[in-house]
Amino acid sequence: CAYFQNSNADSSLKYADLIWDLATKIKSVRWQANALNQKGYIKLVFHDYPKAIACLKEAIALYQAINNKKGLGNANLNLGYAYSDLGNYKESIYYNEQALHYYNEINSPGLKGNVFNNIALIYMQQRAFEKAKEYLDSAISCYRTAGEEFNLGNPILNLALIQSEKNDYDAALKLYLKALTIFIRNDDKLKIAAIYNNIGNLYSNMNDFKKSLVYLKKSIKMKQELEDTIGLATSYLNIVTNLRMEKKYTFINLYLDTAKKYVITLNNPEIEVYYFEEVFRYYYSIGDLKNADVYFDKYKEAKDSLINKDITKQLSDMSVKYDTEQIKLESLNKQKQFEHERKIKNVFTIFSICICVLLVVLILVLRKIKASNVLIKTQQKELVKAYSEMFAQKEIIEEKQREILDSIHYAKRIQTALLPSDKYIERNLNDLQKKD
């Protein structure tokens, strides 16, 4: 769905409807909200503002039900775009504030870049170009932090517009071509058509009307394929500007009438200002001062409604709110970092205490083992000594036993030597018996 959203409205809407149907079947509030947000964005891109706003507000209600902060940020941002296009900057600033709040909560630099780019556009409408440039630089920084080089095209395109307003056409052309490279890489046909239109304007400001017409016609061709009504109104009015500057008044009415068909259907204050200005200048150029007066009043009234002090003050208040919220966020981050460091410190302290306790226990165990070893060695020595004494006693006893045995054997030999032999005694006894 997102693939088609900047190139094919019908296909992207079909996919958004398909997502809605599937989400409804599986009862997924999250995907229902995503489908509505996508449909709202597509309606916004193709300038169907009432339907866009209705879809986006319904998406916000669903995202709130499930507390989906990223979804809330995206839907609020898209509403900010819608109200900005309608010239209702008060509402646009409110919804941009909401988007920034949610993106700060989820700490998403890439999404914050989208908000900064949107706020810059409001400052540009107020012709506060330096402040707009600050927000565009912030957007670029956010995209680079997030690694989203593909999103750099929008802020670079807006920086080119600022350089063009300052009449630094060489710098503007370089930025346009740089943004064009990014949009071609992303196959973003709407933005490619927009850049062709802007380059056409640039060459017109440089009085190179031939080149200007080439780029404006390229832009118109792409916008017709995309059915980009607001883009077509702008490009036709740009051709009117070219013809007026060349003093070729013959075809101006034709292009004004073509532009008017789109202008009356858009309800876009910016386009109305541009249209009234060109009609006024046309009548003035051909000497029709009565009609010139009428359209000058319309032009002035429309322009004054875009630039007013209330919007400038609201933007200033928003900037203060953002700075305050950023300070709070930084303070919260510092507090979290402090808590994290404190936890690490506590863990390290506990670990150190455990190590010390283990070392003490180990030393005590080693001392005990050492003492036991000393005692064992002492006991071994005493045991060896006891065994030695025992063996010495044993040898003495054995020696005495040997002496006693030797004495007994010696006595026995003596006795044996003194007594007559058994044969002698037996013979003598036999002789005695015979005599009897």
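What comes next is a walk through the structure. (Residues numbered from 1 in each chain as written. Predicted model: local features only at pLDDT ≥ 70, side-chain atom pairs only at ≥ 80, totals over all residues. Heavy atoms only, no water.)

1. A few points about the overall build of the chain
Here is step 1: The number of helices and strands found in the chain is 17 helices and zero strands.
Here is step 2: Out of the 436 residues in the chain, the part that is buried amounts to 39%.
Here is step 3: Put simply, 58% of the contacts in the chain that link residues at least 6 apart link residues at least 24 apart.
Here is step 4: Total accessible area computed for the chain in this model is approximately 26,500 Å², and 57% of it derives from carbon and sulfur atoms. (Helix = DSSP H or I, 4+ residues; strand = E, 2+ residues; numbered from the N terminus. Buried < 20%, exposed > 50% of the residue type's maximum accessible area, 1.4 Å probe, protein only. Contact = heavy atoms within 4.5 Å. Areas by Shrake-Rupley, 256 points an atom, 1.4 Å probe, with all protein chains shown as cover.)

2. Topic: the side chain of K43
Here is step 1: Structurally, the position occupied by K43 is in helix 2 (residues 29-45).
Here is step 2: Comment: no salt bridge for buried K43; closest opposite-charge side chain is D48, at 4.0 Å.
Here is step 3: Each residue touching K43, except ones within four places of it in the same chain, is listed here: L13, D48, K51 and A52. (Lys, Arg positive; Asp, Glu negative; His and termini not counted. Salt bridge = Lys/Arg side-chain N within 4 Å of Asp/Glu carboxyl O.)

3. Overview of the packing of helix 13 (residues 252-266) against helix 14 (residues 269-285)
Here is step 1: Two elements in contact, helix 13 and helix 14, have axes whose closest approach is 10 Å; the angle formed by their N-to-C orientations is 155 degrees. One element, helix 13, and the other, helix 14, form an angle in the roughly antiparallel class. When the axes of helix 13 and helix 14 are compared, the crossing they make is left-handed. Contacts between helix 13 and helix 14 pair I252, N253, L256, K260, V263 and L266 from the former with I271, E272, Y275, E278, V279 and Y282 from the latter.
Here is step 2: Along the lines of polarity and charge, the residues of the contact of helix 13 with helix 14 split into eight nonpolar, one polar and three charged. (Axes fitted to C-alpha atoms, helices over the stretch in contact; angles between N-to-C directions. Parallel < 35°, antiparallel > 145°, perpendicular 65-115°, else oblique. Left-handed = near helix turned anticlockwise from the far one by under 90°. Nonpolar A, V, L, I, M, F, W, Y, C, P; charged D, E, K, R; others polar.)

4. So, helix 11 (residues 209-226)
Here is step 1: Here helix 11 contains 18 residues, and its C-alpha end-to-end distance of 25 Å stays within 8% of the 26 Å for a straight helix at 1.5 Å per residue.
Here is step 2: Of the residues making up helix 11, those classed as buried are F209, S212, L216, S219, I220, M222, K223 and L226.
Here is step 3: Considering only its buried residues, helix 11 is in contact with helix 10 (189-205) and helix 12 (229-245).
Here is step 4: Looking at the residues trailing helix 11, positive phi occurs at E227, about 55 degrees. (Expected span 1.5 Å × (residues − 1).)

5. Some words on helix 9 (residues 169-186)
Here is step 1: The end-to-end C-alpha separation of helix 9 is 25 Å, in line with the 26 Å expected for 18 residues at 1.5 Å each.
Here is step 2: Considered for burial, the residues of helix 9 that qualify are Y169, A172, L173, Y176, A179, L180, I182 and F183.
Here is step 3: Buried residues belonging to helix 9 abut helix 8 (153-165) and helix 10.
Here is step 4: D187 sits one or two residues past helix 9 and shows a positive phi near 55 degrees.

6. Here we look at the packing of aromatic side chains
Here is step 1: Inspection of every chain in the model, using the stated rule, returns 15 aromatic pairs.
Here is step 2: Between the aromatic rings of Y94 and Y95, the centroid separation amounts to 5.0 Å while the plane-to-plane angle is 80 degrees, which identifies the pairing as edge-to-face.
Here is step 3: On the basis of relative accessibility, which here comes to 10%, the residue Y95 falls in the buried class.
Here is step 4: With centroids separated by 5.8 Å and ring planes inclined at 55 degrees, the aromatic side chains of Y275 and F276 adopt a geometry described as tilted. With respect to class, Y275 is no different from F276; both count as buried.
Here is step 5: Following the ring pairs from residue to residue traces out a cluster consisting of Y275, F276, Y282, Y283 and Y295. (Phe/Tyr/Trp six-rings, centres within 6.5 Å; stacked < 30°, edge-to-face > 60°.)

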